[in-house]
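Spelled out from the first residue to the last, the chains are:
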Amino acid sequence: LLPSPNNRWINNRLSTLQLWFLQLITKQLMMLLNKAGHKWALILTSLMAFLLLINLLGLLPYTFTPTTQLSMNMALAFPLWLATLLLGLRNQPPVSLSHL
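In the nomenclature of an unreviewed UniProt entry, the chain corresponds to ATP synthase F(0) complex subunit a from the organism Struthio camelus. Of the comments in the UniProt record for the chain, the one headed Sequence similarities (unreviewed entry) reads "Belongs to the ATPase A chain family." Its UniProt record gives the chain the following Subcellular location (unreviewed entry) comment, quoted word for word: "Membrane".

Caption draft 1: Seen up close, the UniProt feature "transmembrane region" (unreviewed entry) in the chain. The feature "transmembrane region" (unreviewed entry), as given by UniProt, occupies residues 40-64 and 70-89 in the numbering adopted here. End C-alpha atoms of residues 40-64 are separated by 30 Å, and the span's content is 68% helix alongside 0% strand. A helix fraction of 100% and a strand fraction of 0% characterise residues 70-89, whose end C-alpha atoms lie 27 Å from each other.

Caption draft 2: Focus on the domain arrangement of the chain. Here the chain is described as being made up of domain 1 (1-63) and domain 2 (69-99). Tallying the contact residues gives five residues for domain 1 and five residues for domain 2. For the pair domain 1 and domain 2, the two sides together bury roughly 480 Å², of which 93% comes from carbon and sulfur. Three residues stand out in domain 1 for area buried against domain 2, namely Trp-40, Leu-47 and Phe-50, and they jointly supply 69% of the buried area on that side. For the pair domain 1 and domain 2, the number of links is zero salt bridges. Where domain 1 meets domain 2, there are zero residue pairs in polar contact (both at pLDDT 80 or more). Residues belonging to the side of domain 1 that touches domain 2 are distributed by class as follows: five nonpolar, no polar and no charged.

Caption draft 3: Representation of helix α2 (residues 41-57) within the structure. Look at α2: 24 Å from first C-alpha to last across 17 residues, which is about the 24 Å you get at 1.5 Å a residue. Of the residues making up α2, those classed as buried are Ala-41, Thr-45, Ala-49 and Ile-54. Elements that come into contact with the buried residues of α2 comprise α1 (13-30).

The rules we used
Residues numbered from 1 in each chain as written. Predicted model: local features only at pLDDT ≥ 70, side-chain atom pairs only at ≥ 80, totals over all residues. Heavy atoms only, no water. UniProt positions renumbered as here; feature names shortened; annotations may be inferred. Helix = DSSP H or I, 4+ residues; strand = E, 2+ residues; numbered from the N terminus. Domains from an automatic or database assignment. Contact = heavy atoms within 4.5 Å. Buried area = accessible area lost by both parts, 1.4 Å probe. Salt bridge = Lys/Arg side-chain N within 4 Å of Asp/Glu carboxyl O. Polar contact = N/O pair within 3.5 Å; in protein donor to acceptor, adjacent residues only side chain to side chain. Nonpolar A, V, L, I, M, F, W, Y, C, P; charged D, E, K, R; others polar. Expected span 1.5 Å × (residues − 1). Buried < 20%, exposed > 50% of the residue type's maximum accessible area, 1.4 Å probe, protein only.

As structure tokens, this is what we get:
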């Protein structure tokens, strides 16, 4: 599941599908951000792919989706929220404080 910028390593249909899916998610996530926000592309894309796979596991019979637990959601949400808050306070303090 590592995104590569070129198509030379694609040798089967599964790799082609994975690359297409990751490029689609990355394009949708990064459309709203400026160039400085593009450094978040890998973490946001991997988070989206992880959440999609975890939630698709819930469709199997007799399985339990881990995202129904508050501990998993907080473990994913709190570090990203804190990083966003701290970066906002470091880069644009007045705007960040006005949102709080």
